[in-house]
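Summary of structural features
Listed below are the residues making up each chain.
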Amino acid sequence: MVIGFFMILVDSTIVSVATPAILRGLDTDVNSVIWVTSAYLLAYATPLLITGRLGDRFGPKNVYLAGLAIFTLASLWCGLTDTITGLIVARVVQGLGASMLTPQTMAVITRTFPAASRGQAMALWGATAGVAILVGPVVGGLLVDGPGWEWIFFINVPVGIIAFVLAARLVPRLDTRSHAFDWVGVALSAVGMFLIVFGVQEGETYDWGAISGFVSVPLLIGVGIVVFGLFLVWQSRNTNEPLVPLGLFRDRNFSVSNIGITTVGFAITAMAFPFMLYAQAVRGLSPTASALLLAPMAVISGALAPVGGRLTDKVHPKLLAPVGLGLTSASLFWVAAVMHPETAIWQLLLPMALMGVGSAFMWGPLAATATRNLPMSSAGAGAGVYNTTRQVGAVLGSAAIAAVIEARMAANLPGLELSSGSVQQAGGGAMPARIADGFSDAMAQSMLLPAAVLLVGVVAVLFFERPTHHSG
């Protein structure tokens, strides 16, 4: 199950490295290429609440296999298309497949492992999320520098087939419950999520102003929030079977984990943008070399994940999760302090290594503690909510960091436009010293945002209670 999950998370970050190559290959503009990622994230995040419930209704194994098949076929479509419109449409279908697959991975772990030993399984699940987000740019860089950008999608096909065969053979069929489906909840949550996520994602493109006529970005976000508010009211009033049983949030650990994972999704997505721009534009590193700066984080996080998992099953989560979030936050403050044009590469690798230690004690404890007290009948709904908050955090992080980068560029380098052209020309160390200093400062200051957001997560997870090991 983790293979499929790994693949779809890699796909949420892999395109960032391929952006210049897709620009040239499909002869298009920056805004259209940004939509290649935006469309995927939007189609991935919007239905997560619904697809979590589908697993409860039709069996997580069936929904997982269906999602994996859709995702793999859409990946082939992405690689074969020769127009930007075709690529964006294929990415939407890919996102829908990813959305079907993600909550099932967490729900199956919740339902097959007893609460007392679930921490190790969740630690592997969480470490997969952490490592995948970092592996994306590295693999993307190697493929773009090698056979070409199409291969960032083609590589999913053999992996998807292997994951499908393994899941079909090895994942147990779990009993289903005939749920009444909350269609009003489905409609309200999808519309509300779409408007909020679309507004936040596209805000920067339209300068947070009018999109067309009287439709503006703030209006879209406002309407989205109102619709989502109506969704919550409906969930509290629906006496039949609501899409999101709000009773889940009575479990303090579930609520706190959701706050924690939102800050993690925000920070991990947000930190990659300024760091990659600094590495490629100021230091003149290739996409592959830039991504390899993240290697210490991926290696150490993967190596320490089993240790984190064993501790998750034994130690109070209040002791473990703040350490993970706190070390990750500290590593981002440290990176921001050393991001200068002339900094030695090893000085960038040290904070990345610290981030790997933080990651190992962050993803697993949060995921295990979120679901540990939930009744089994709510495993799918709980996994759907948890993954939705993580994705919403990622979307907010990506939108917020774009706004902060633009603001810090304007402050440090007044009059210089940050376009893909200026960044590409700057690559190869060709950036004049005066501009390089200002650009580095802007990127370093932008890194302070994800670092600060993680501190909110640290405060939240101090409120964890000791889990009551019941299996529901």
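Use the structure listed above.
The following paragraphs examine the structure supplied in this document. (Residues numbered from 1 in each chain as written. Predicted model: local features only at pLDDT ≥ 70, side-chain atom pairs only at ≥ 80, totals over all residues. Heavy atoms only, no water.)

Turning to the overall build of the protein, a few remarks are in order. Along the protein, the regular secondary structure elements total 19 helices and two strands. Against the 2.2 N^0.38 benchmark of 23 Å for 472 residues, the protein shows a C-alpha radius of gyration of 21 Å, consistent with a compact globule. Principal-axis analysis of the C-alpha atoms gives the protein an extent of 65 × 50 × 45 Å. Burial status across the protein gives 57% buried among its 472 residues. In the protein, the share of contacts with a sequence separation of at least 24, taken over all contacts with a separation of at least 6, comes to 85%. Counting only carbon and sulfur atoms, one obtains 70% of the accessible surface of the protein, whose full area is about 17600 Å². Averaging the locations of the 22 positively and 21 negatively charged side chains of the protein gives two centres separated by 17 Å. (Helix = DSSP H or I, 4+ residues; strand = E, 2+ residues; numbered from the N terminus. Rg over C-alpha atoms; globule rule 2.2 N^0.38 Å. Buried < 20%, exposed > 50% of the residue type's maximum accessible area, 1.4 Å probe, protein only. Contact = heavy atoms within 4.5 Å. Areas by Shrake-Rupley, 256 points an atom, 1.4 Å probe, with all protein chains shown as cover. Lys, Arg positive; Asp, Glu negative; His and termini not counted. Charge placed at Lys NZ, Arg CZ, Asp CG, Glu CD.)

To continue, consider the nonpolar core. One finds Ile22, Leu87, Trp149, Val264, Phe275 and Met339 to be the most contacted residues of the largest nonpolar core, which totals 128 residues. At 15 residues, the largest contribution of residues to this core is made by helix α11 (residues 252–282). What isoleucine 22 contacts, discounting residues up to four positions off in sequence, is Val15, Asp27, Thr28, Val33, Ile84, Leu87 and Trp149. (Core = buried A, V, L, I, M, F, W, Y, C linked by side-chain atoms within 4.5 Å.)

The periodicity of an α-helix, 3.6 residues per turn, causes residues three or four places apart in sequence to face the same way. Under the 1.5 Å per step criterion, the end-to-end length of helix α13 (residues 295–314) is 29 Å for 20 residues, consistent within 8% with the ideal 28 Å. Along α13, the sharpest kink reaches roughly 40°, centred on alanine 305 and followed within four residues by the proline proline 306. Listed as buried for α13 are Pro296, Met297, Ala298, Ser301, Ala305, Gly308, Gly309, Thr312 and Asp313. (Expected span 1.5 Å × (residues − 1). Bend = angle between axes of the 7 residues up to and from the residue.)

Here the structure, examined in full by the defined rule, presents one salt bridge. Arginine 252 is the partner of glutamate 465 in a salt bridge, and the nearest nitrogen-oxygen pair spans 3.5 Å. In this pair, glutamate 465 is assigned in the segment after α19 (433–461) and arginine 252 in helix α11, connecting sequence segments 213 residues apart. (Salt bridge = Lys/Arg side-chain N within 4 Å of Asp/Glu carboxyl O.)

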